[in-house]
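# A structural walkthrough
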Amino acid sequence: MKILKPGVYLFLALLIGSAALLMIHAAMQPGNPSLDMGTILVWTVVAVLSESFSVYYVNGRFFVSPVEAVFYAAYLAGGPLNAGASIFLTFLLIITREEDRYRHLFNTPPRFLLFNISHLMIIMLVLDSLLGLFRSLLPSLRILPVLAMAPLFFTFSCLINAVYYKVEEGSPFRISFKKMFSPFYQTTYPASLAAVIIGYAYPRYGLLSLFMMLTPLFVSLITMKAQARNER
Amino acid sequence: MILLLILYTSLPALLITLYAGLEGPGFYAGLALFLIQGTGEFLLIRSRNRERLVSGGILLFVALSAYALYTGLRLQEFYLPLFIHLYPGPVLTMAYVVIYKISRPRDFEKLSPGFSRIIILLFSYAVLLFMLALRQMGEAGFPGPGKDMFYSLYGALNFLPPIYFLNLLRNNSQKRVFLDKGRIWLRNEEITPLFSRTELALLDRAFAGDGRIRCSDAADSLNREEPGSPFLCRPGECKASLCLAYSAIYRHIKSLDRKMENLGLGMLMPPENKRDITIEGWLFIRDKEMRIMKKKVFPLRIPAVSLPGTGDKGAPAGSGKRFDEYVFSLSIALAGSSALLSEGFALAGKPLSLPSLITLTLAAAALLLLPLEKPKKKKLMVLPVLIVLLPFLLLGSAGEEQALTLSLKSLVLFIACFLSRFPYFEEHSDPESLRERAPNALFWLIWFYMIIISLFTEPAPLRNYPFLGNPGLSHVTQFSDHLLLFLLFFLSARFFSLSRKPLKMTGDAIEFNGRTLPLGQGKTDREILRGFILRRDEPYHCYEILNIVEPGKESCAKEHCKPSSCPSYQKIYKRIRTIRKYLQTTGIGTIVSPERKAASHREGWRLILFDDVYITDPD
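Residues numbered from 1 in each chain as written. Chains lettered and ligands numbered in written order. Predicted model: local features only at pLDDT ≥ 70, side-chain atom pairs only at ≥ 80, totals over all residues. Heavy atoms only, no water.

Each helix and strand counted, chain B has 23 helices and 13 strands in total. Going through the 619 residues of chain B one by one, you find that 50% of them count as buried. Sequence separation of 24 or more characterises 71% of the internal contacts of chain B that already satisfy a separation of 6 or more. About 30100 Å² of surface is accessible on chain B, with carbon and sulfur atoms providing 61% of the total. (Helix = DSSP H or I, 4+ residues; strand = E, 2+ residues; numbered from the N terminus. Buried < 20%, exposed > 50% of the residue type's maximum accessible area, 1.4 Å probe, protein only. Contact = heavy atoms within 4.5 Å. Areas by Shrake-Rupley, 256 points an atom, 1.4 Å probe, with all protein chains shown as cover.)

Set out below in structure tokens:
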């Protein structure tokens, strides 16, 4: 077993603690939709598909996929609790291919699993709070703030990942962030905007809207794959 | 195939004719439309001249639209389903066929991602429409209202033929090889003349079976080519160094190898131990992107190089082409801005009167097209940003959703104008890098537009057509939305098909793609290049070039000289090499030497143009 620096444990504890506290806070909010198994299952399937076909970026040694867009759509369609449950289940079920071997729940180091789940939950709940703030300040605007927040999911995810690389491996923060962000933001940003449309269409069109999500996810993945190949 | 295509694309008119019954105005209107369209399309497909084809296509589209509008105002029952449900697929199919006919399959894999994304979009649009129709049917209760449901389902399935033709267009830009009875096609262009008969036979061997070419295969084909001096080959019993035929075979193999590498098809690898060459032979290692096809794809094409006698003499470098393109862009800008303005003001609760609508439409169209006239002036690009931001002025009165939708529509309209003007300012910009970077951006734009107009606009039949009085305005904007989406599909495919570039001589200057070539090498090189262009496919011999390099020198023995003993040959050869490099880097073409360099004085050099370049008649 790899021995990690104490800073890594501290950072992970901070992330997991914050995610747990924020989730409890969200669960206690009266306005949030309650857990719905159908919604959780549906979004988990889409997220698992998206993350399982994620692209392994050799230069940065990380996986990249438009999964943030799926979680944002899940959040818009089912609220923070359902999206949180979907994030949790997704990372238990994914099977990714890393060069010549497969990675799954049983051969992935637990710290990666915990990091992924907790940091995505935190981002989602921070965005939820920001949206709440916007709504209280500008009640007439419903969609514009949601659209403006959409790209932040991927940006924040890159930022937290870069911090983690800094803590665990000592890699310079700016370089790690650039490696994760620059090649892929042109794909993940529009995918997040697409998630807004799907999130709004879901209550009305149900499973049909999920089918619509498949096209942007598929194209995002092939674009990312081409991008990763070019950068190699 | 052509008849089937014409029948399919004219089918909506025929369906409506049958639906209207055997009597009444609808029947005659449909029949007339069917005949006009069928004849027009037949003439278009038979046309071998690119410019005539494009102009004819635009003319037919305008004529049909005018006819439909006239008939539609009188016979709404006839017009409405025709243009909303039945026509988009066939018209798109015909548009893609025209693009397929005139596109140049050069530059290869770069264009392929663009076409793939449009195919994905079209396919998902067809499935989306189909699922929406099923959902609508489910809500209405099965079997549902028959006529509307039939239109919806037919409308969805109608997008499959354009997908097929777009797929052909994509295949065109991929390395697909088809070999049949001693003839070979690459990217749907016949390249048989590039190879000798022996090389073609070897190529056949390389593509078939285990991909190995053995001496015995080569000897067989050499024997067929030169029956007087048969080479006897006993595999396993001979030695290459003692074989009379081996040097001839080796020469053919090397030549074939060079050609295949140049074409990007692959390479011929000798065995590691060269003594095994007679047993193992050369292994053909195919390029990973090359695919061998079992049958030739759709053969409807205009020849790649402007051949004498085909009537395809290239674009008249004058105002005609630009006029067509300008009218096309102007119609998009006018129609789009008119629909957007009407929608915007109606949403704000202030419907426009006809004179105000016309004035504002003209102003908006000018705003849309102005920045595209001189794309280098970046300051003018502020205008499209303003066009996109303007709808936010309606935030208060029309609401957030409507302002956002209008803003997206404005952006789509601007992109449609940009794509329609693209061939005009292609010569000012770097079209290849733009085509390479564009697929992703275009995909997202079309996807957003496609989803928003399909999901968030209530489906409604087009009633109360006189839209200037405004009762049926939403239906008109719905119609314009679908028209704009259709145009985006068409214009994107056109954008990813390469246009052709003219090479022209005007006085002393040589113009390529509208620009005078800055030939830095001086007068002599320019004269030699002029000679090549004037000869087109004919060879240019060294004694002819010598007259330019060393005028007045009579020392060339024409037929009976040897390049190795000629004092001027090196000078000529260096000039040719410089010009060849220049032609290749500017994207015009290349100069090919004879296979045996010793015969260059007899066989001469030839100018081979890249397949998107054509020579216009010299002044």
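On to the overall build of chain A. A count of helices and strands for chain A gives eight helices and four strands. By the compact-globule yardstick of 17 Å for 232 residues, chain A fits well, its C-alpha radius of gyration being 17 Å. In chain A, of all internal contacts separated by at least 6 residues, the share reaching a separation of at least 24 is 76%. Looking at chain A as shown, the accessible area adds up to about 11100 Å², and 69% of this sits on carbon and sulfur atoms. Counting 17 positive and 10 negative side-chain charges, chain A places the centres of these two groups 5 Å from one another. (Rg over C-alpha atoms; globule rule 2.2 N^0.38 Å. Lys, Arg positive; Asp, Glu negative; His and termini not counted. Charge placed at Lys NZ, Arg CZ, Asp CG, Glu CD.)

Right, let's talk about the nonpolar core for a bit. Core analysis: the largest hydrophobic core is formed by 134 residues, its most contacted members being Trp 43 and Tyr 72 of chain A together with Tyr 96, Leu 166, Ile 332, Trp 447 and Phe 489 of chain B. With 28 residues, the next largest nonpolar core counts Phe 512, Leu 517, Leu 529 and Val 549 of chain B among its residues. (Core = buried A, V, L, I, M, F, W, Y, C linked by side-chain atoms within 4.5 Å.)

Further remarks concern the sheet that holds strand 8 (residues 501–506) of chain B. All names here are of chain B. If you trace the four strands from one edge of the open sheet to the other, you get 10-9-8-13, paired in mixed fashion. Looking at which strands have only one partner, the edges of the open sheet turn out to be strand 10 (515–516) and strand 13 (613–615). Here two bridges tie strand 9 (residues 509–512) to strand 10, and the two strands are oriented antiparallel to one another. Counterpart to Glu 511 in the pairing with strand 10 is Thr 516. Those strands touched by helix 20 (residues 523–535) are strand 8, strand 9 and strand 13, and its axis lies near 60 degrees from that of strand 9. (Pairing = 2+ DSSP bridges. Axes fitted to C-alpha atoms, helices over the stretch in contact; angles between N-to-C directions.)

Let's shift gears to the packing of helix 5 (residues 143–169) of chain A against helix 6 (residues 173–181) of chain A. All names here are of chain A. The interhelical angle for the contact between helix 5 and helix 6, taken along N-to-C directions, is 140 degrees, at an axis separation of 8 Å. The angle between helix 5 and helix 6 falls in the class oblique. As for the relative orientation of helix 5 and helix 6, their crossing is right-handed in sense. Within the contact between the two elements, helix 5 uses Phe 154, Thr 155, Cys 158, Leu 159, Asn 161, Ala 162, Val 163, Tyr 165 and Lys 166 and helix 6 uses Phe 173, Ser 176, Phe 177, Met 180 and Phe 181. Split into classes, the residues belonging to the contact of helix 5 with helix 6 amount to 10 nonpolar, three polar and one charged. (Parallel < 35°, antiparallel > 145°, perpendicular 65-115°, else oblique. Left-handed = near helix turned anticlockwise from the far one by under 90°. Nonpolar A, V, L, I, M, F, W, Y, C, P; charged D, E, K, R; others polar.)

It is worth spelling out the pairing of strand 1 (residues 176–180) of chain B at this point. Residues and elements named next belong to chain B. For strand 1 and strand 7 (residues 291–293), the ladder comprises three bridges, and the chain directions are parallel. Residue pairing across strands places Phe 178 opposite Met 293, the latter belonging to strand 7. In this structure, the hairpin formed by strand 1 and strand 2 (residues 183–186) is closed by a connection of two residues, where Lys 181 is found at a positive phi of approximately 45 degrees.

Right, let's get into the pairing of strand 5 (residues 266–269) of chain B. Residue and element names in this part refer to chain B. In strand 5, alternate side chains face the same way, and those of Gly 266 and Leu 268 are buried while those of Met 267 and Met 269 on the opposite face are not. Of the pairings in the sheet, the one linking strand 5 to strand 6 (residues 282–286) comprises four bridges and is antiparallel in character. When the sheet's bridge partners are listed, Met 267 is paired in strand 6 with Ile 285.

A few words on the sheet that holds strand 4 (residues 212–213) of chain B. Residues and elements named next belong to chain B. Spatial strand order, 4-6-5: three strands in an open sheet with antiparallel pairing. Since the sheet does not close on itself, it has two edges, and those belong to strand 4 and strand 5, each with one partner. Pairing between strand 4 and strand 6: two bridges, direction antiparallel. Looking at strand 6, one finds that Arg 212 is bridged to Leu 283. Contacts from helix 11 (residues 246–263) reach strand 4, strand 5 and strand 6, with the element oriented near 155 degrees to strand 5.

The next thing to look at is helix 5 of chain A. All names here are of chain A. Along its 27 residues, helix 5 runs 40 Å from first to last C-alpha, staying within 8% of the 39 Å computed at 1.5 Å per residue. Maximum bend of helix 5: about 25 degrees, positioned at Leu 152. Gly 170 lies just past helix 5 and shows a positive phi near 75 degrees. (Expected span 1.5 Å × (residues − 1). Bend = angle between axes of the 7 residues up to and from the residue.)

Below, the discussion takes up the packing of aromatic side chains. Residue and element names in this part refer to chain A. If you walk through the whole model with that rule in mind, you get 29 aromatic pairs over all chains. Where Phe 62 meets Phe 184, the ring centres are 6.5 Å apart and the plane angle is 85 degrees; that geometry is what we call edge-to-face. Pair noted here: Phe 62 is in strand 2 (residues 62–64) and Phe 184 is in the loop between helix 6 and helix 7 (185–205), with a separation of 122 residues, a long-range link. Comparing Phe 62 with Phe 184 shows no difference in burial state: the two are buried. These aromatic residues form a ring-pair network of at least three members: Phe 154, Phe 173, Phe 177, Phe 181, Tyr 185 and Tyr 189. Here the basic side chain of Arg 111 rests over the ring of Phe 112, its NZ or CZ set 4.4 Å away from the ring centre. (Phe/Tyr/Trp six-rings, centres within 6.5 Å; stacked < 30°, edge-to-face > 60°. Lys NZ or Arg CZ within 6 Å of the ring centre and 35° of its normal.)

Our next topic: the pattern of salt bridges. Residues and elements named next belong to chain B. This model, assessed by the stated rule, comprises five salt bridges over all chains. Lys 409 serves as the salt-bridge partner of Asp 481, at 3.0 Å between the closest nitrogen and oxygen. Residue Asp 481 is located in helix 19 (residues 473–496), and its partner Lys 409 is located in helix 17 (residues 400–425); the two are separated by 72 residues in the primary sequence. Look at Asp 481 and you get buried, because its relative accessible area is 4%. (Salt bridge = Lys/Arg side-chain N within 4 Å of Asp/Glu carboxyl O.)

Attention shifts here to the interface of chain A and chain B. Across the boundary between the two partners, chain A contributes 28 residues, which contact 23 residues of chain B. Carbon and sulfur atoms supply 75% of the area buried between chain A and chain B, which totals about 2300 Å² over both sides. Joining chain A to chain B, the criterion identifies one salt bridge. In this structure, the salt-bridge partner of Glu 401 of chain B is Arg 142 of chain A, at a minimum N-O distance of 2.6 Å. Within the residue set of the side of chain A that touches chain B, elements represented by two or more residues are helix 5, helix 7 and helix 8 (207–231) of chain A. Element by element, the count of residues in the side of chain A that touches chain B is highest for helix 7 of chain A, at 11 residues. Its residues assigned to classes, the side of chain A that touches chain B shows 20 nonpolar, six polar and two charged. (Buried area = accessible area lost by both parts, 1.4 Å probe.)

Further remarks concern a nonpolar patch on the surface. Residue and element names in this part refer to chain A. The grouping of Leu 41, Val 45, Leu 49, Phe 53 and Leu 214 at the surface amounts to a nonpolar patch, some 490 Å² of accessible area in total. For the nonpolar patch, the leading source of residues is helix 2 (residues 37–52), giving three residues. Here Leu 214 lies in helix 8. (Patch = residues over 30% accessible without salt bridge, like charges linked within 9 Å, V, L, I, M, F, W, Y side chains within 5 Å.)

This brings us to the environment of Val 58 of chain A. Along the chain, Val 58 of chain A turns up in the loop between strand 1 (55–57) and strand 2. Residues Val 58 of chain A and Ala 228 of chain A lie 170 residues apart in sequence; the distance between their C-alpha atoms is 7.9 Å.

Let's shift gears to the packing of helix 20 of chain B against helix 21 (residues 542–549) of chain B. Residues and elements named next belong to chain B. Where helix 20 contacts helix 21, the two axes come as close as 9 Å, and the packing angle between them is 145 degrees. As for how helix 20 packs across helix 21, the hand of that crossing is right-handed. Contacts from Thr 524, Glu 527, Ile 528 and Arg 535 of helix 20 reach helix 21 at Glu 544, Ile 545, Ile 548 and Val 549. In terms of residue class, the contact of helix 20 with helix 21 is built from four nonpolar, one polar and three charged.

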